[in-house]
Every structure is written in structure tokens, then in C-alpha cells.
Amino acid sequence: MKGRSRAGKILLFLLLLCIAIGLILPFILDPALIKNLFVSQIEQQVGRRITVGDARLGLLPSIRLELFDVAVTEPDGTAVFFTARHVDLVLRAWPLLKGEVVGKRLTVEQPRVELKRLASGVWNVAQGGGGASPSTDEPETHNPLSILFAVQQVTLQNGTVVITDEFRDDGLRVARVESVDAVLTVGASHKEADLRLSGAIPGSQGTSSIGLTGRLSYAAKPVGIAQPDALSVLPAFQFDGIAEFANLNIYEMADFFGPRPVPPKVEGFANLRSDLSVVPGVVGYDLILSNLRVDLGRITMMGNANVAGLLSEQPTFALTFGSNAVSLEELLVRFPVQWVDPRIQAVMMERKIAGTVEILSARVTGVTKPEPVLSMTGELKVSQGQALVG
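Cut-offs used in this document
- Residues numbered from 1 in each chain as written.
- Predicted model: local features only at pLDDT ≥ 70, side-chain atom pairs only at ≥ 80, totals over all residues.
- Heavy atoms only, no water.
- Core = buried A, V, L, I, M, F, W, Y, C linked by side-chain atoms within 4.5 Å.
- Buried < 20%, exposed > 50% of the residue type's maximum accessible area, 1.4 Å probe, protein only.
- Contact = heavy atoms within 4.5 Å.
- 1 Å grid on protein atoms, 1.4 Å probe; cavity = no way out; pocket = protein on both sides within 12 Å on 5 of 7 lines; lining within 4 Å.
- Points joined across faces, edges and corners; volume = space filled by probe spheres on them.
- Helix = DSSP H or I, 4+ residues; strand = E, 2+ residues; numbered from the N terminus.
- Nonpolar A, V, L, I, M, F, W, Y, C, P; charged D, E, K, R; others polar.
- Pairing = 2+ DSSP bridges.

1. Considerations on the nonpolar core
- Core analysis: the biggest nonpolar cluster contains 69 residues, and L67, F239 and L276 have the highest contact counts within it.
- Here L276 is in contact with L212, F239, D240, G241, I242, A243, L287, I288 and L289, once residues within four sequence places are set aside.

2. Side note on the layout of surface pockets
- In this structure, the second largest pocket encloses a volume near 170 Å³.
- Taken together, R173, V174, A175, R176, I201, P202, G203, E252, M253, D255, F256 and R260 form the lining of the second largest pocket.
- For the lining of the second largest pocket, the elements supplying multiple residues, two or more each, are β7 (173-186), β8 (192-203) and α4 (250-257).
- Taken together, the residues of the lining of the second largest pocket break down into six nonpolar, one polar and five charged.

3. Topic: the environment of G303
- Tracing the chain through its elements places G303 in strand β13 (residues 299-310).
- Owing to a relative accessible area of 15%, G303 belongs among the buried residues under this scheme.
- Not counting residues up to four positions away in its chain, the partners in contact with G303 are S290, N291, L292, T320 and F321.

4. Points about the pairing of strand β1 (residues 50-58)
- Alignment of β1 against strand β2 (residues 64-73), held across eight bridges, turns out to be antiparallel. The partner of L57 across the bridge, within β2, is L65.
- The antiparallel hairpin formed by β1 and β2 contains five residues in its connecting segment.

Take a look at the structure:
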């Protein structure tokens, strides 16, 4: 009896194995089928069309799908939003039996993302089928984050991000972040992940570096506030971590973010470090910088900053800071007199005002529409002051 029972179990196992092989064999023989399933799943999440140049399927040491020359277009198909030379996805075997492509590890080589603020003021990332999660417990199916959180680890290698601003009246602005490497390690709950990212910003006088470490997670958008149609598609996520920038070219940063023309006297480099949080806001996202430290030559500034309505047409911003004592001449190299109220400019030039200035406390607030409009209040301490009187 025992022998028959054992033989029956063996036969049953072999039968189940044959059925499993029969079900999975079409996928093994036809990588295009797996590719189409995978691409279809991603298109549903991001609401954009995806094209793939070539697809290969490997079986050893693990089942993996390789895609080459991947491109993701804008929703209207007129431009390319994302490209990657090579995508390597290590697959889970059993979900294939149900016609699902589920990955364990995802590696993307040479990705390139085109971020644009169009002439209308709308960002291209606010177009498409990505949605918001209604709660942290039940993230919505149509959320691009679910693509990343479905795997154990996502690795980006040698990427490029191009940021183009067509909204400004005084000319087109373009910034690039190159050599982008990132690792996203997803937690067991698949609702949060640890992120490490580094990159380089090329410039006319050298390269600046950027570093980002922290935790990315699902988040709920504010309840009861209707988002504009262009922003309702943004995924609801939260990031908490630390941002570091080294050797930032002040002139080039001023040219991208500030009004033109930038006074030629603006020069030098800055290092920045801050705790960073990004959360869903009333409109778009809110960015919060705390424990902010900026070193600009002999000037050290410390404080806090926030941007409300990031990725909306008219974000508002606020900066509260103080600084060490520095000569007025050095201060005006970093913050030129042309950026000061014309009435104060006239007095400073006419009276040849000089001395040492310490910013005890200052607050700068403003809005972009599309050019920055600023207001500033503060308390300064002036020593060794000089001025022409009479």
C-alpha cells in the first residue's frame, strides 16, 4: 500500500509538473508575448504609449526579460518623455502561470527623462494616466509608483534628466543632470522604499554634484480640495530625506531660477545641505527644506524654506534665514545691487555705503507668475559702516 501511495504521489507530481510546463512553455518560447504583457501593464499605469526595439528572454540563472531601446511618449504622441537603452527585469515564475508579469529586480541602463514646463505653464509630468492613492492603506491601481513598489529593488545606471522651462517671458531655460545613479530598495509591505540617488550638473566652469537619500512612500492628498485637471493625474507620494549639493555655480543657478539678465558680477560657487520633505499639497506638491545650510564663499546662511504648489503654474515660496557677518561688498557679489529696490540702489551708489553686515533674521516670500515677484523683511546688524554724508 505504501508503495502504491508513493507511486501515486509521484505520478500526481509529474502530472502537475507537465501541466505547469505546458502552461509556461508558450511564454518561454515567445518572449514577445511576455514583452507585450509587461508593456501593456506599464501603459495602463502611466497612461502613455511605450515602444520597444527588441526583447530577449533568459532562463538561467533566473527568468529575466531584457528590453532594448525603450521609449515612452507623451500622451498625445508628439514627443518622447522617457527613453532607456536597456531594461533588465528579473521575473517571478509563478505569476507567469496566471498571465501576469511580476518582477523581483529591475535595472534600467542609460535612462533619459525629459521634464518640461510648457508655454501654458503646465508640466508634462502632469499629463497622462497616473493617479493618486486615496489612502495610504489602499494605493490606487493607476499609480506609477506601484510599478516601482511591485519589485524588491530598482536600479538606475548612468541616467540623464533634462529640465526645460518654456513658460518664462525672458527666454527658454534648460538644465541637465547627468550620470544619475539610483537604487530604490522596496520594503516588505511594498508601500515604502529607501532611495539613494546621485548625479552631476555640468556647467561652464566645472561640474556640480547632487546627492539624495531618504524614504519614498505612498501618501494621501488633502481631502476635500479639488485639484486642477492638469494636476489630478500626479501620483500621491511622500519623500523624507536629506539633499546635498556641492559646487553649485551661482551664476548659472540664478540664470535658471531668477530673472534675466543676471548681473555679470554674480559669481562663485555654493554648497547646500538640508533635510528635505516632499508631500502632496493643496495644488501639486509642497517641498519643505529644514535645517538648511548654504555656504557661499565667506557667507554662511542657515534657515528653512518651503515651496507650495510645486509643478503648478504659480508656485509660491518662502525662505527664512540668517547669516554670519560679512562685508557689504562680498554680499553684493552674491546678491547684486540690481536685485535690490531701485530706491535703495540709488542711495547705496550715491552715498558709497560700505561696512560689515550680519543678517540676524530675514524672510523672503514670493510667487512666480511667470517671473519671480519677491518681498523681503528682516533685521540686519551693521558694523564698521561708512557713507558719504552731506
